[in-house]
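# Examining the three-dimensional arrangement
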Amino acid sequence: QVQLVESGGGLVQPGGSLRLSCAASGSIFRINAMGWYRQAPGKQRELVAAVPSGGSTNYADSVKDRFTISRDNDKNTVYLQMNSLKPEEPAVYYCKVEYSPSPGSRRIYWGQGTQVTVSS
């Protein structure tokens, strides 16, 4: 089993910042990719940012230059620094981990989500 512990969500004013973190633990041989998605009410879940194990980061166009994703491989943790948050960005933010529980296997696991509210 894999456990994902997400933290850092909350209420912030427009233009403010938040930092999300997601720590993975459990039966993990290797983590291949980690990322953040978000889902607003009535909308589909969408990619915010992702970072593979050895490649370049990937961002949604709407968050480029404002959000930064990073990962600490020693801690199996991924972070999302969100700056200049906009009123249209409140959503539940989900952590996604693509991992190998054993050599040659691949699985995906989602966190339970953390609420981000942008309001004055």
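Above this text sits the structure in question.
Now for a description of the structure that goes with this document. (Residues numbered from 1 in each chain as written. Predicted model: local features only at pLDDT ≥ 70, side-chain atom pairs only at ≥ 80, totals over all residues. Heavy atoms only, no water.)

### A closer look at the side chain of R38
Note the threshold: Starting at the N terminus, helices and strands are each numbered in turn, a helix being any DSSP run of H or I of at least four residues and a strand any DSSP run of E of at least two. For every residue, the accessible area (1.4 Å probe, protein chains only) is compared with the maximum for its type, and the residue is labelled buried under 20%, exposed over 50%, or partly exposed between those bounds. Polar contact criterion, stated in full: a pair of N or O atoms within 3.5 Å, where within protein one must be able to donate a hydrogen and the other to accept it, and residues adjacent in sequence count only if both atoms are side-chain atoms. Only heavy atoms enter the contact rule, under which two residues are in contact if any of them lie within 4.5 Å.
Checked against the element boundaries, R38 lands in strand 4 (residues 30–39). Look at R38 and you get buried, because its relative accessible area is 8%. Side-chain polar atoms of R38 contact the side chain of E89, separated by 3.2 Å. With residues near it in sequence (within four places) discarded, R38 still touches Q44, R45, E46, V48, S62, V63, F67, E89, A91, V92 and Y93.

### A short note on the state of the cysteines
Disulfide: a covalent bond formed between the sulfur atoms of two cysteine residues. Spelled out, the test is: In plain terms, two cysteine sulfur atoms within 2.5 Å form what is called a disulfide here.
Counting across every chain of the model gives 1 disulfide. Here C22 is linked by a disulfide to C95, with a sulfur-sulfur distance of 2.1 Å. In this structure, the disulfide formed by C22 and C95 twists by about -80° around the S-S bond and is classed as left-handed. Within this pair, whereas C22 is found in strand 3 (residues 18–26), its partner C95 is found in strand 9 (residues 91–100), the two being separated by 73 residues in sequence. Of the two residues, C22 and C95, both sit in the buried class.

### Quick word on the sheet that holds strand 8 (residues 77–82)
In plain terms, the rule: Strands qualify as paired when DSSP identifies two bridges or more between them. Axes here mean lines fitted to C-alpha atoms, for a helix over just the part in contact, with angles spanning 0 to 180 degrees between N-to-C directions.
Read from one edge to the other, the open sheet built from 4 strands follows the order 1-3-8-7, with strand pairing classed as antiparallel. The sheet terminates laterally at strand 1 (2–7) and strand 7 (67–72), the two strands that pair on one side only. The sheet shows a mean angle of 15° between the axes of neighbouring strands, taken without regard to direction. With 6 bridges joining them, strand 3 and strand 8 adopt antiparallel strand pairing. The partner of R19 across the bridge, within strand 8, is Q81.

### Observations concerning the pattern of salt bridges
For clarity, the cut-off: Each salt bridge in this description consists of a side-chain nitrogen of Lys or Arg and a carboxyl oxygen of Asp or Glu lying within 4 Å of one another.
Applying the stated criterion across every chain yields a total of 5 salt bridges. Put simply, E46 and R38 hold a salt bridge, and the shortest N to O gap is 2.8 Å. The exposure class assigned to E46 is partly exposed, which follows from its relative accessible area of 36%. Here K64 and D61 are joined by a salt bridge, their closest N and O atoms 3.2 Å apart. Each member of the salt-bridge network shares a partner with another, and the members are R38, E46, R66 and E89.

### Some remarks on the nonpolar core
As a reminder of what qualifies: Here the nonpolar core consists of buried residues drawn from Ala, Val, Leu, Ile, Met, Phe, Trp, Tyr and Cys, with membership extended through side-chain atoms lying within 4.5 Å.
Judged by nonpolar contacts, the single largest core of 30 residues is most densely connected at W36, L80, M82 and Y93. Only strand 1, strand 3, strand 4, strand 5 (46–52), strand 7, strand 8, strand 9 and strand 11 (114–118) provide two or more residues apiece to this core. Per-element accounting of this core gives the leading share, 5 residues, to strand 9. Once residues within four sequence positions are removed from consideration, M82 is found in contact with G16, S17, L18, L20, R66, F67, Y93 and V116.

### Things to note about the environment of F67
Looking at where F67 falls in the secondary structure, it is placed in strand 7. Looking at F67, the relative accessible area reads 3%, which means it is buried. C-alpha separation for the pair F67 and S84, spaced 17 residues apart in sequence, amounts to 8.4 Å. If we ignore the near neighbours within four places in the chain, the residues touching F67 are R38, V48, Y59, L80, Q81, M82, N83, L85, E89 and Y93.

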